[in-house]
Amino acid sequence: MSQSQIRFWIVAGVWLTAIAVMYLHGLSGALFYDDIRPLEKLGEIDSLFSFAALDFVLGEISGPLGRPVAMFSFLLHHAGWPDNLPSLLLVNVLIHGLNGVLVYILTGQLLRMTGAASPHPHVPRILAALAALLWLMLPIHAATILIPIQRMAALSTTFVLLGVIVYLAGLQLQSRGHRRGPDLQILSLAVCLPLAVLTKENGALLPLLLLVIELTLLTHRPDIQRYRAIRLTALSFASLAIIGYLLKGLFNHPFEPFAGRDFSVIERLLSQPLILVDYLRQAFVPNWQAINPFQDHWRHVEHWTLLSPEGLALAAILAWLFAALIARRRWPWFAFGSLWFLGAHLLESTTLGLELSFLHRNYLPLVGLAILMAIGIQRLWALKQPAISVAIVLYLGFLGFSLANVVLVWGQPETAARVWFETQPASQRAAAYLAEPLWERGDSVTALDVMEQNLSVCPDCMFSRSWALALACDMGKNETVRLHFDALLAHSPRKASLSSAAKNIESFYVLLKEGRCAPGQAYNAYILLERLIETRPPHARKSEIANLWWQLSRLYMLDGETKTALEILQKSMQIN
């Protein structure tokens, strides 16, 4: 081993240690909105071999398949929950490290199978280590690793990467004439695909990612041509099944809002290109303050032109996709990295009725771009130009500095709440994350000020409006309460999310019951709930409508009108 190789591995070891130490500072983080419901029953489980444990594993509703593999991994933390949150986050960090090892193995396989690293046998190991370290260090991944429930995304990625590695190992065996090669390829899909999907549904993209590799990096390999037509046909059918499912959503009432959302499938599709561009910016030129759990400041696009930011982003994404497709033979690594990224976003960034943006959606997609980036850095470094070398070192230092800042903030929940709201004042969740502990400590004045700041930049944020209403009522600011009720009543039913608009009626009800709101304020709540019921949008879920009736029945019960309350409650039960 040469002196330069020794120096590289020493630097790589220090680099890896620094990443691990950085993430350890984030273990003192907190639970967030998506963590609460799936994990709330964890502390009630006394034994791994109980009906409560079985219900916890099989009863999750985050996805259509229940994600039982991910839920079983959380079950192992039942003793001492939620005080043992740091141990759960530590396991997330360890899974991230394991995935880094898998990226190293995968990159080495691809380099050897394409011959990109010859004639120097040590280059594949160095390039693979560079790709893995780059991917591990991307600050955007903190939004996967340090949100407890996003172990689902990280662990699903583990099984996807394992599937790709085993598939490629089968191809390598086949290239050497081993008859067990095709068996290993089948095994990769038969085992890893179900495990990935039962951890999180975007594991279903494994066949598509294998197809990307086959059509970009492995096109010219004559020693694996046997059974290639069968492989490509099977992978293509699996990929087309996913695309067909997504297209079904596109043609099924494309202009009607999704249930529980205020945007349609067309509006979501028009909104995603700009979000994808922002993902890339946050991945490679990050603003460490904006890498946080709260991405609800994004608003869907209702109207756009070709020269608008959304139109330009759409043109850029389509041009990138077209360039990757036509360049797959001439520039296979560019095509591989590009199509891997775009393909891995196919489920969560197209026609499904999911929220517009979450940073953890980039965890798997960025594997391809990290490998492409490592190859680019290696080729630039080989030019032996001092200015280029200095620029590369400075850039890597910038990524490390950004990751350190991100993780340090995440590990200090109170500081994080303030920083995240100051960075994204249009986020309702960031506002609530800052305001709720203030209210619990009795500082209603500051909490209300936070909500008013949010509403000043997001007047349609009905969840914050409801929060502000409850806070003002608690403080006896009757005129402010009236103004917020008027704003809620004037809000467009087409844009309303009933669950958000009605959620804080619960807090308002508690304040009325405890005598902390003037009894006369209940009248405004009656009007609001009845209007929400009468003018409910066509996309409203039955459960949302039933919840409104139930909230209304409780207000009547509080006023002593038991008969009316029971009649309304019966309506609620009939709807459900």
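For the structure itself, consult the block above.
These numbers were taken from a predicted model, which means no experiment stands behind them. (Residues numbered from 1 in each chain as written. Predicted model: local features only at pLDDT ≥ 70, side-chain atom pairs only at ≥ 80, totals over all residues. Heavy atoms only, no water.)

J.: Pulling in residues and values, what's your account of the overall build of the protein?
T.: A tally of helices and strands in the protein yields 26 helices and 0 strands. Over its C-alpha trace the protein gives a radius of gyration of 26 Å, about what one expects of a compact globule, namely 25 Å for 576 residues. Considered along the principal axes of its C-alpha atoms, the protein spans approximately 85 × 60 × 45 Å. When burial is assessed residue by residue, the protein has 53% of its 576 residues classed as buried. Looking at the protein as shown, the accessible area adds up to about 25700 Å², and 65% of this sits on carbon and sulfur atoms. The protein carries 44 positive and 40 negative side-chain charges, and their two centres are separated by 15 Å. (Helix = DSSP H or I, 4+ residues; strand = E, 2+ residues; numbered from the N terminus. Rg over C-alpha atoms; globule rule 2.2 N^0.38 Å. Buried < 20%, exposed > 50% of the residue type's maximum accessible area, 1.4 Å probe, protein only. Areas by Shrake-Rupley, 256 points an atom, 1.4 Å probe, with all protein chains shown as cover. Lys, Arg positive; Asp, Glu negative; His and termini not counted. Charge placed at Lys NZ, Arg CZ, Asp CG, Glu CD.)

J.: Account for the pattern of salt bridges, with residues named and values stated.
T.: Applying the stated criterion to the full structure yields 11 salt bridges. As a salt-bridge pair, K200 and E348 come within 3.3 Å of each other at their nearest N and O atoms. On the criterion of sequence distance, the pair formed by K200 in the loop between α9 (181–197) and α10 (206–216) and E348 in the loop between α14 (332–344) and α15 (366–381) is long-range, its members being 148 residues apart. On the basis of relative accessible area, E348 is assigned to the buried category, the value being 9%. Notably, a salt bridge pairs R221 with D223, separated by 2.7 Å at the nearest N-O pair. For R221, a relative accessible area of 16% puts it in the buried group. D223 gets classed as partly exposed once you look at its relative accessible area, which sits at 32%. Among the ionic contacts, a cluster of salt bridges with common partners joins E214, R228 and R231. (Salt bridge = Lys/Arg side-chain N within 4 Å of Asp/Glu carboxyl O.)

J.: Please provide a residue-by-residue account of the state of the cysteines, values included.
T.: Applying the stated criterion across every chain, the model contains 1 disulfide. Each sulfur in the disulfide pair C458 and C461 lies 1.8 Å from the other. Taking the sign of the torsion about the S-S bond as the criterion, the disulfide between C458 and C461, at about 85°, is right-handed. C461 shares its class with C458; the two are buried. (Disulfide = S-S within 2.5 Å.)

J.: Describe helix α3 (residues 51–58), listing the residues and the values that go with them.
T.: When α3 is considered as a whole, its buried residues turn out to be A53, F56 and V57. Buried residues of α3, seen end-on, are gathered within an arc of 95° and therefore sit on one face of the element. Relative to its buried face, α3 has exposed residues pointing more than 90 degrees away, namely F51 and L58. Here the buried face of α3 lies against α2 (33–39) and α4 (68–75). (Arc of directions from axis to C-beta. Contact = heavy atoms within 4.5 Å.)

J.: Residues and numbers for the nonpolar core, please.
T.: Residues L106, L168 and W340 are the most contacted members of the largest nonpolar core, which totals 169 residues. Top contributing element to this core by residue count: helix α6 (residues 123–137), with 12 residues. When residues no more than four places from it in sequence are discounted, the contact partners of W340 are L106, L161, V164, L209, V212, I213, L364, P365, V367 and G368. Counting residues in hydrophobic clusters, the runner-up holds 6 residues, among them L205, I242, L246 and L347. (Core = buried A, V, L, I, M, F, W, Y, C linked by side-chain atoms within 4.5 Å.)

J.: Account for the packing of α10 against helix α11 (residues 228–251), naming residues and giving values.
T.: Where α10 contacts α11, the two axes come as close as 8 Å, and the packing angle between them is 140°. By the angle between their axes, α10 is oblique relative to α11. For the pair α10 and α11, the sense of crossing is left-handed. Across the interface between the two elements, P207, L208, L210, L211, E214 and L215 from α10 touch R228, R231, L232, L235, S236, A238 and S239 from α11. (Axes fitted to C-alpha atoms, helices over the stretch in contact; angles between N-to-C directions. Parallel < 35°, antiparallel > 145°, perpendicular 65-115°, else oblique. Left-handed = near helix turned anticlockwise from the far one by under 90°.)

J.: Give a detailed account of the environment of L512, specifying residues and quantitative values.
T.: Mapping L512 onto the fold places it in helix α23 (residues 505–513). As a C-alpha pair, L512 and L558 span 46 residues in sequence and 8.4 Å in three-dimensional space.

J.: Would you mind going over α9 in detail, with residue names and values included?
T.: The end-to-end C-alpha distance of α9, which contains 17 residues, comes to 24 Å, matching closely the 24 Å that a straight helix rising 1.5 Å per residue would cover. Residues G181, P182, Q185, S188, C192, A196 and V197 constitute the buried set of α9. Considering only its buried residues, α9 is in contact with α8 (151–175), α10 and α11. (Expected span 1.5 Å × (residues − 1).)

J.: Which residues make up the packing of aromatic side chains, and what values go with them?
T.: Within the structure shown, the criterion is met by 17 aromatic pairs. Ring plane angle 75° and centroid distance 5.9 Å describe the contact between F258 and F263, whose orientation is recorded as edge-to-face. Each member of the pair, F258 as well as F263, is classed as buried. On the numbers, 6.0 Å between centres and 90° between planes, the contact of W333 with F336 is edge-to-face. With a gap of 3 residues between them, W333 and F336 both fall in helix α14, about one helical turn apart. Look at W333 and you get buried, because its relative accessible area is 8%. It is R429 that lies over the ring of Y33; its NZ or CZ is 4.2 Å from the centre. (Phe/Tyr/Trp six-rings, centres within 6.5 Å; stacked < 30°, edge-to-face > 60°. Lys NZ or Arg CZ within 6 Å of the ring centre and 35° of its normal.)

J.: Could you give me a rundown of the packing of helix α19 (residues 444–457) against helix α20 (residues 462–474), with the residues and numbers involved?
T.: Interaxial distance between α19 and α20 falls to 9 Å at its minimum, and their mutual angle equals 150°. Taken as axis vectors, α19 and α20 run roughly antiparallel relative to one another. With respect to the hand of their crossing, α19 and α20 are arranged in left-handed fashion. Contact with α19, carried on its side by S444, A447, L448, M451, N454 and L455, involves S464, R465, W467, A468, L471, A472 and D474 of α20 and no other residues of that element. Within the contact of α19 with α20, the residues separate by chemical class into 8 nonpolar, 3 polar and 2 charged. (Nonpolar A, V, L, I, M, F, W, Y, C, P; charged D, E, K, R; others polar.)

J.: Give me the environment of L111: which residues, what numbers.
T.: With respect to the helices and strands, L111 occurs in helix α5 (residues 85–114). Along the chain, L111 and L217 lie 106 residues apart, while their C-alpha atoms are 9.3 Å from each other.

J.: So, a nonpolar patch on the surface: which residues are in play, and what are the values?
T.: A cluster of nonpolar residues, L318, L321, F322, L325 and I326, forms a patch on the protein surface that exposes about 500 Å² of accessible area. Tracing the backbone shows L325 in helix α13 (residues 309–326). What makes L325 partly exposed here is its relative accessible area of 45%. (Patch = residues over 30% accessible without salt bridge, like charges linked within 9 Å, V, L, I, M, F, W, Y side chains within 5 Å.)

J.: Quick one: what's the story with the environment of L383, residue by residue and with numbers?
T.: Along the polypeptide, L383 turns up in the loop between α15 and α16 (386–410). Through-space distance from the C-alpha of L383 to that of F32 is 46 Å; in sequence the pair is 351 residues apart.

J.: Can you tell me about unusual backbone geometry, naming the residues and giving the values?
T.: Here the residue pair W81 and P82 is connected by a cis peptide bond, since its omega of 5° sits within 30 degrees of zero. A positive phi angle, close to 70°, is found at Y227, a residue other than glycine. Inspection of the secondary structure assignment puts Y227 in the loop between α10 and α11. On the basis of relative accessible area, Y227 is assigned to the partly exposed category, the value being 37%. Within the chain, K384 stands out as a residue other than glycine whose phi angle is a positive 55°.

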